[in-house]
Every structure is written in structure tokens, then in C-alpha cells.
Amino acid sequence: MKKSEIKFVVSLDEKNIPEKIEWMAEDSLNDGLSETKSISLSLWDDKKNNTLRIDLWTKEMKTDEMKRFYIDCLGGLGQSILSSTGDEFMSKETNKLCNKLIEHIENKSD
């Protein structure tokens, strides 16, 4: 069985707030660590029948970027729902929510 490792390196300040987030994946085309401002990781705990989440962002991540990041995450979930379950209704409703949130952001900046 093939295995692949994904690694996250988080540099924290004296208050344990992320200053820098880096990551790498063995199968990536990039060599070494790549920098990012935010990660959102969800894990399914089968024993507790519950989702565990890790959400981290750096001090440099702007609020508008964070909002867009989460809309993009939701959009990705919409596609994953369709790919993994074939549930078109859930996928379309997730995408509708993304469109509504994009509209909200665009109207707030006017």
C-alpha cells in the first residue's frame, strides 16, 4: 500500500498565535515547504460519530481574505459532496449558499 505524508509547520508567537504557516505534501510538484496564511482541516472521528476541526490563520490574514477563504472552502465541500455521495441537492444548496455569501461580501464593500 502506498502512503503519502502531508506536513504542516506552524510558527507561533509568545501568545501562541500563528505567525507563519508552512506545508508540504510528498506528492506535490513543489520542493520543500510552501507558505500559506490559513488552513482548515476537518477529520471524521468514527468512534464519536463527530467531526474534528483544526482552523488556523496567521496575523497577516485580512478579514476579507478570511471570508473569501471560507466561501472557497464551502464551494469545495459542495463539489466533494457531489463527488463522494452523488447528492446533487446538497451540492446545489451548498453552492447557492456560496453565491449568497459572495453577494453579501460584494454588497458590504460598496
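Let me begin by describing the structure that accompanies this report.

**Structural notes on the sheet that holds strand β3 (residues 34-36)**
Then comes step 1: Reading across from one edge, β1-β2-β3 is the order of the 3 strands in this open sheet, with antiparallel pairing throughout. With one partner strand each, in any of the chains shown, β1 (6-12) and β3 form the two edges of the open sheet. Across the sheet, the mean angle from the axis of one strand to that of its neighbour is 30 degrees, orientation sign disregarded.
Then comes step 2: Relative to β3, strand β2 (residues 18-25) runs antiparallel, the two sharing 3 bridges.

**Remarks on helix α1 (residues 63-85)**
Then comes step 1: Over its 23 residues, α1 runs 32 Å from end to end, which matches the ideal 33 Å to within 8%, given 1.5 Å per residue.
Then comes step 2: Every buried residue of α1 is accounted for by M66, I71, G78 and I81.
Then comes step 3: Those residues of α1 that are buried are in contact with β4 (38-45), β5 (50-57) and α2 (88-108).
Then comes step 4: Backbone geometry just after α1 places G86 at a positive phi near 75 degrees.

The rules we used
Residues numbered from 1 in each chain as written. Predicted model: local features only at pLDDT ≥ 70, side-chain atom pairs only at ≥ 80, totals over all residues. Heavy atoms only, no water. Pairing = 2+ DSSP bridges. Helix = DSSP H or I, 4+ residues; strand = E, 2+ residues; numbered from the N terminus. Axes fitted to C-alpha atoms, helices over the stretch in contact; angles between N-to-C directions. Expected span 1.5 Å × (residues − 1). Buried < 20%, exposed > 50% of the residue type's maximum accessible area, 1.4 Å probe, protein only. Contact = heavy atoms within 4.5 Å.

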